[in-house]
Amino acid sequence: MKNNKTQPEILLPERACELCGFDSGDALELHVGEDVLVILKNQMTAMELIHVISMISEMSTDLTVALAKACGRCNNCDDEDDGTGQNDPAKWVERCSLCGDLLDGSQNIQIPGYLLEEAGISSGAKLEASADRDIGKITVTEAENQYDISDVPPGILNVLAQSGICLAELDELIMAEDIIYGK
Ligand SMILES: [Zn+2]
Ligand SMILES: [Zn+2]
């Protein structure tokens, strides 16, 4: 790996470099995203590029399966089931009112900006609500969790929904921040 003075040296395991075919003459580039770092050669032939694409799409499939397994299938979230569409996973989430609401965002709490301002809550904050039946009162507060299902990109959400994965469980897993991969 090329080392120039403006960049820190990164040591890669020798065996890994042998396997992937990096040699000391290759200049590498880092692709950095939230929670991910990918190292690629900064110049590639068509076939080298195809190897990269193939590896990344295989990983993407494996990781999606891992996420789906952690969530499990939606069994209509234990609600009454009319038995229709049993063999069509895409229908499972559609028929489940809880998961369906999570998919189309209709469960999101909407509060007018002036009320948020009066409460000292910023306009982009996540909100949660609790209800008290006895006095007919709904209390809305700023949510404690950093992420929830509204932070999942629509592409990923739709793949899971089409496969009948329980979105209510996904929402729970995101908010709980438990380790669900590599435990
Ligand atoms: Zn469910
Ligand atoms: Zn459901």
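Not measured: the values here are computed from a predicted model. Each chain has its residues counted from 1, following the order in which its sequence is written. Chain A is the first chain written and ligand 1 is the first ligand written, with later ones labelled in order. Owing to the predicted nature of the model, reporting of local features is limited to residues with pLDDT of at least 70; listing and counting of side-chain atom pairs is limited to 80 or more, with chain, interface and lining totals taken over all residues. Excluding hydrogens and water, the side-chain figures rest on all heavy atoms present in the structure.

Novice: I keep staring at the coordination of the zinc ion (ligand 2) and nothing clicks. Help me out?
Specialist: Ideal geometry at a metal centre: 109.5 degrees between donors when four sit tetrahedrally, and 90 or 180 degrees when six sit octahedrally. We call an atom a donor if it is N, O or S and sits within 2.8 Å of the metal, or 3.2 Å for Na, K and Ca. Water is not counted, so some sites may look partial. Around the zinc ion (ligand 2), the protein contributes the donor atoms C74 (SG), C77 (SG), C96 (SG) and C99 (SG), which lie 2.2 to 2.4 Å from the metal centre. Taken together, the four donor atoms coordinating the zinc ion (ligand 2) span angles of 101 to 117° at the metal, a pattern that classifies the geometry as tetrahedral. In terms of primary sequence, the donors binding the zinc ion (ligand 2) are separated according to C-x2-C-x18-C-x2-C. The distance between the zinc ion (ligand 2) and the zinc ion (ligand 1) is 2.9 Å, with C77 acting as a donor to both metals. Residue C74 is located in the loop between α2 (46-71) and α3 (89-95), and its partner C99 is located in helix α4 (residues 97-104); the two are separated by 25 residues in the primary sequence. Relative accessible area decides the class of each residue, using a 1.4 Å probe on protein chains only: under 20% of the type maximum gives buried, over 50% gives exposed, and in between gives partly exposed. Since its relative accessible area comes to 5%, C74 is described here as buried. Key to geometry: four donors with every angle between 85 and 135 degrees are tetrahedral; four donors are square planar and six octahedral where opposite donors lie over 155 degrees apart and all remaining angles lie between 65 and 115; all other sites are irregular. Runs of H or I in DSSP of at least four residues are treated as helices and runs of E of at least two as strands, each being numbered from the N terminus.

Novice: For this particular structure, what's the right way to read helix α6 (residues 154-162)?
Specialist: Note that an α-helix has 3.6 residues per turn; residues three or four places apart therefore point the same way. Of the residues making up α6, those classed as buried are L157, L160 and A161. Taken around the axis of α6, the buried residues stretch over an arc of 100°, which confines them to a single face. Where α6 is buried, its residues touch α2, α3, α4 and α7 (167-176). G164 sits one or two residues past α6 and shows a positive phi near 75°. Directions are taken from the helix axis to each C-beta atom, and the arc is the one they span. In this description, contact between two residues means that some pair of their heavy atoms is separated by no more than 4.5 Å.

Novice: Could you clarify how one ought to interpret the pairing of strand β2 (residues 36-41) in this entry?
Specialist: The side chains of a regular strand alternate, first on one face of the sheet and then on the other. Where strand β1 (residues 28-33) and β2 come together, six bridges link them in antiparallel fashion. Counted as the bridge partner of H31 is V38 from β2. A pair of strands is considered paired only if DSSP assigns at least 2 bridges between the two. Counted between consecutive antiparallel strands, the loop separating β1 from β2 contains two residues, among which D35 sits at a positive phi close to 70°.

Novice: Sorry, what's going on with the environment of N145 here?
Specialist: Structurally, N145 is set in the loop between β4 (137-142) and α6. Taking relative accessible area as the criterion, N145 reaches 14% and is therefore assigned buried. In this structure, the C-alpha to C-alpha distance between N145 and E128, residues 17 residues apart in sequence, is 9.7 Å. Among residues more than four places away in sequence, those in contact with N145 are K126, E128 and M175.

Novice: Even after reading the chapter, I still don't get the coordination of the zinc ion (ligand 1), so can you show me in this structure?
Specialist: Looking at the zinc ion (ligand 1), one finds its protein donor set to be C77 (SG) and C166 (SG), positioned 2.2 to 2.3 Å from the metal centre. By relative accessible area, which is 22% here, C77 ends up partly exposed.

Novice: Sorry, what's going on with the packing of α2 against α7 here?
Specialist: The geometry of a pair of packed helices is captured by two quantities: the angle between their axes and the separation between those axes. Note on method: axes are straight lines fitted to C-alpha atoms, helices fitted across the in-contact stretch only, with angles between N-to-C directions ranging 0 to 180 degrees. Where α2 contacts α7, the axes come no closer than 8 Å and their chain directions differ by 100°. Taken together, the axes of α2 and α7 are roughly perpendicular relative to one another. Taking contact as the criterion, the partners of L67, A70 and C71 in α2 are, on α7, E169, L170 and L173. Along the lines of polarity and charge, the residues of the contact of α2 with α7 split into five nonpolar, no polar and one charged. Each angle receives one of four descriptions, namely roughly parallel if under 35 degrees, roughly antiparallel if over 145, roughly perpendicular if within 65 to 115, and oblique otherwise. Amino acids outside the nonpolar list (Ala, Val, Leu, Ile, Met, Phe, Trp, Tyr, Cys, Pro) and the charged list (Asp, Glu, Lys, Arg) are all regarded as polar, and Gly is one of them.

Novice: How should I be thinking about the confidence of the model for the protein in this particular structure?
Specialist: Low pLDDT means the predicted atomic positions in that stretch should not be read closely. Per-residue confidence for the protein gives a mean pLDDT of 87; residues scoring 70 or more make up 90%. Considering each helix and strand of the protein separately, the mean pLDDT is smallest for α3, with a value of 80, and largest for α2, with 96. A score between 0 and 100, pLDDT records how confident the predictor is in each residue.

Novice: Is there a simple way to think about the pattern of salt bridges in this case?
Specialist: When a carboxyl oxygen of Asp or Glu lies within 4 Å of a side-chain nitrogen of Lys or Arg, that pair is called a salt bridge. Under the defined criterion, the tally for this structure stands at four salt bridges. With a closest N to O distance of 3.3 Å, R15 and E18 form a salt bridge. Note that R15 and E18 are positioned in helix α1 (residues 14-20) at a spacing of three residues, about one turn of the helix. Exposure class is identical for R15 and E18. Each is exposed. Notably, a salt bridge pairs K41 with E48, separated by 2.9 Å at the nearest N-O pair. What makes K41 buried here is its relative accessible area of 13%.

Novice: Which parts of the structure should I look at to understand the layout of surface pockets?
Specialist: To find leftover empty space, a probe the size of one water molecule is rolled over the atoms. Grid points spaced at 1 Å and placed over the protein atoms alone form the basis of the search, with a cavity being a set where a 1.4 Å probe fits but cannot get out and a pocket an open set showing protein on both sides within 12 Å along at least five of seven lines. Lining residues have an atom within 4 Å of a point. Grid points are joined across faces, edges and corners, and a volume is the space filled by probe spheres set on the points. The computed volume of the largest pocket comes to approximately 1900 Å³. Residue lining of the largest pocket: 42 residues in total, with E34, D35, V36, M59 and L63 positioned closest to the centre. Those elements giving two or more residues to the lining of the largest pocket turn out to be α1, β2, α2, α6 and α7. Class assignment for the residues of the lining of the largest pocket results in 29 nonpolar, five polar and eight charged. Roughly 680 Å³ of internal volume is contained in the second largest pocket. Forming the walls of the second largest pocket are 30 residues, and the residues nearest its centre are Q107, N108, I109, D148 and S150.

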